[in-house]
Amino acid sequence: EDFRAAAGLGLVGLLRDAEGGTHADLALVVEELGYAASPLPIGQAGLVCRALDDTGIGGDMADRVAEGSELVVPVLSEPGEAHVRASAAPDGALVLDGRVAVVAGGLNADDLLVAAVGPDGAPVLALVAADASGIGRTARTSLDITRDFAVVTLAEVQVPAGSWTAVAPETVERLGDALALHHAADALGAADRLLAMTLQYVQERRQFGRGIGGFQAVKHHCADMAVDVERARVSVRAAARALDAGDAGARRLRIAEAAAIAGESCSRVAGTALQLHGGMGFTWEHDLHLYLRRIKTGELLGGTPRHHYARLMELVV
């Protein structure tokens, strides 16, 4: 019901031509989801909605996703993992085999948009029902308890003609970059919430007869948190604009910057927030741990900061 309500506001179909939204707009929505620790995979569904429009597969599936009656999430291998394999079948069908270790929102999705490598080595996008024969979904236990993750296995999954299409390598790369951007935007929102929570706490918590926010060391830590949040925000905003501009070289550069910088910066914010909350930060009764868990998990999705720093070096050297 929450997903349908968000779709009714036009958030899921934001990237469709009729809506006129941009990746920068969708990134702002995802940032707010991170701020609220929301479980809704609106960013992933929004990317799928646009991909279905662009490829023309799935009939009216894009309309159903946009209106919230169907949840579809992308299934892409993480950097360095083996890709799903696609082989030809009679009557223009396709057969998918492989395993994807982490699919955000995959446990509750109705359908999956799978990126695979075709028989000729070219990438394909295939739309399959999440309960189709040969598909296995297992809940992935993770540090983050605010969202659902699944391990998706595909064993001789039949995809009929009309539900898949060959695409340019740039199409899958762009989709992967967009997902990395949204992971960074989500972490930014969560880090911003931790900053606000911490500033409030250090003003309320008293020690030695005064608020701990008056101590110089605490002030410095809070200032460092604010700088890290702004550093992440600037990099995420720049990456979203580059994604909208359409220049592949600039997009790769800015996405690598955002994923690396935001990943590290938001992780530092989470660690400092935990320290400044003291014993209160280690309790389940306080919401801090929800955001810390979300940030630490998001740091590993769509490529780690180490991966994106290495990618950044390859692009600039």
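These numbers come from a predicted model, not from an experiment.

Each helix and strand counted, the chain has nine helices and ten strands in total. Whereas a compact globule of 317 residues would reach a radius of gyration of roughly 20 Å, the chain reaches 21 Å, a difference of no more than 12%. Dimensions of the chain, computed from C-alpha atoms along their principal axes, come out at roughly 80 × 45 × 35 Å. Looking at the chain as a whole, 52% of its 317 residues are labelled buried.

This part is about the nonpolar core. One broad rule of soluble globular proteins: the nonpolar side chains tend to lie buried together. Ranked by size, the top nonpolar core spans 93 residues in total, and within it Leu96, Leu112, Leu113 and Leu194 carry the most contacts. Tallying contributions element by element places helix 5 (residues 169-204) first for this core, with 17 residues. Not counting the four nearest positions on each side in its chain, Leu112 is found in contact with Val72, Val73, Val75, Ala126, Leu127, Val128, Ala130, Ile135 and Val152.

Now for the state of the cysteines. All chains considered together, the criterion is met by zero disulfides. Counting only cysteine sulfurs, Cys266 is the nearest neighbor of Cys222, a cysteine outside any disulfide, at a range of 16 Å. Using a relative accessible area of 1% as the deciding quantity, one classes Cys266 as buried.

Here we come to the environment of Ala190. Along the chain, Ala190 turns up in helix 5. Take Ala190: its relative accessible area is 0%, and that puts it in the buried class. For the pair Ala190 and Glu264, spaced 74 residues apart in sequence, the C-alpha to C-alpha distance is 13 Å. In this structure Ala190 touches Gly34, Tyr35, Tyr291 and Ile295, once residues within four positions along its chain are discounted.

Further remarks concern the packing of helix 5 against helix 7 (residues 248-276). In contact at an axis separation of 8 Å, helix 5 and helix 7 are set at 25° when each is read in the N-to-C sense. Overall, the two elements helix 5 and helix 7 adopt an arrangement that is roughly parallel. For the crossing formed where helix 5 meets helix 7, the hand is left-handed. Of the residues assigned to the contact of helix 5 with helix 7, the class counts are 19 nonpolar, one polar and six charged.

Along the chain, the position of Arg252 falls in helix 7. The exposure class of Arg252 is partly exposed, given its relative accessible area of 24%. Sequence spacing of Arg252 and Asp186 is 66 residues, and the spatial spacing of their C-alpha atoms is 19 Å. With residues near it in sequence (within four places) discarded, Arg252 still touches Glu170, Glu173, Asp177, Arg311 and Leu315. Within polar-contact distance, the side chain of Arg252 engages the side chain of Glu170 at 3.4 Å.

Along the chain, Asp228 falls in helix 6 (residues 216-245). In this structure the side chain of Asp228 is engaged in a polar contact, spanning 2.3 Å, whose partner is the side chain of Arg231. Those residues in contact with Asp228, other than ones at most four positions away along the chain, are Ser265, Arg268 and Val269.

The next subject is the pairing of strand 7 (residues 149-159). As defined by bridge partners, strand 3 (residues 94-104) adjoins strand 7 across eight bridges and the pair is classed as antiparallel. Bridge pairing links Val100 to Val152 in strand 7. As paired elements, strand 6 (residues 135-139) and strand 7 share five bridges and run antiparallel to each other. Paired with Ile135 across the two strands is Leu154, which belongs to strand 7.

With that settled, consider helix 2 (residues 23-36). For helix 2, built from 14 residues, the straight-helix expectation of 20 Å at 1.5 Å per residue is met to within 8% by its first-to-last C-alpha distance of 20 Å. All of the buried residues in helix 2 are His23, Leu26, Ala27, Val29, Val30, Glu31, Leu33 and Gly34. Taken together, the buried residues of helix 2 touch helix 3 (42-55), helix 5, helix 6 and helix 8 (288-298). The N-cap of helix 2, judged by a side-chain oxygen 3.3 Å from the amide nitrogen of Ala24 a few residues on, is Thr22. A positive phi of about 55° marks Ala37, the residue just after helix 2.

Okay, a nonpolar patch on the surface next. A cluster of nonpolar side chains, contributed by Met313, Leu315, Val316 and Val317, occupies part of the molecular surface with about 410 Å² of accessible area. Relative to the elements of secondary structure, Val316 occurs in helix 9 (residues 305-316).

This part is about the environment of Arg205. In this structure, Arg205 sits in the loop between helix 5 and strand 9 (206-207). Assessed through its relative accessible area of 34%, Arg205 is described here as partly exposed. A C-alpha to C-alpha distance of 8.8 Å links Arg205 and His277, two positions 72 residues apart in sequence. Once residues lying within four places of it in the same chain are set aside, the contact partners of Arg205 are Arg210, Gly211 and Ile212.

The subject of this paragraph is unusual backbone geometry. One non-glycine residue, Asp91, adopts positive backbone phi at about 60°. Relative to the helices and strands, Asp91 resides in the loop between strand 2 (84-88) and strand 3. For Asp91, a relative accessible area of 77% corresponds to the exposed category. Phi is positive for Glu156, close to 55°, though the residue is something other than glycine.

About the cut-offs
Residues numbered from 1 in each chain as written. Predicted model: local features only at pLDDT ≥ 70, side-chain atom pairs only at ≥ 80, totals over all residues. Heavy atoms only, no water. Helix = DSSP H or I, 4+ residues; strand = E, 2+ residues; numbered from the N terminus. Rg over C-alpha atoms; globule rule 2.2 N^0.38 Å. Buried < 20%, exposed > 50% of the residue type's maximum accessible area, 1.4 Å probe, protein only. Core = buried A, V, L, I, M, F, W, Y, C linked by side-chain atoms within 4.5 Å. Contact = heavy atoms within 4.5 Å. Disulfide = S-S within 2.5 Å. Axes fitted to C-alpha atoms, helices over the stretch in contact; angles between N-to-C directions. Parallel < 35°, antiparallel > 145°, perpendicular 65-115°, else oblique. Left-handed = near helix turned anticlockwise from the far one by under 90°. Nonpolar A, V, L, I, M, F, W, Y, C, P; charged D, E, K, R; others polar. Polar contact = N/O pair within 3.5 Å; in protein donor to acceptor, adjacent residues only side chain to side chain. Pairing = 2+ DSSP bridges. Expected span 1.5 Å × (residues − 1). Patch = residues over 30% accessible without salt bridge, like charges linked within 9 Å, V, L, I, M, F, W, Y side chains within 5 Å. Areas by Shrake-Rupley, 256 points an atom, 1.4 Å probe, with all protein chains shown as cover. Salt bridge = Lys/Arg side-chain N within 4 Å of Asp/Glu carboxyl O.

Everything listed here is a matter of coordinates, which is why it stays silent on function.
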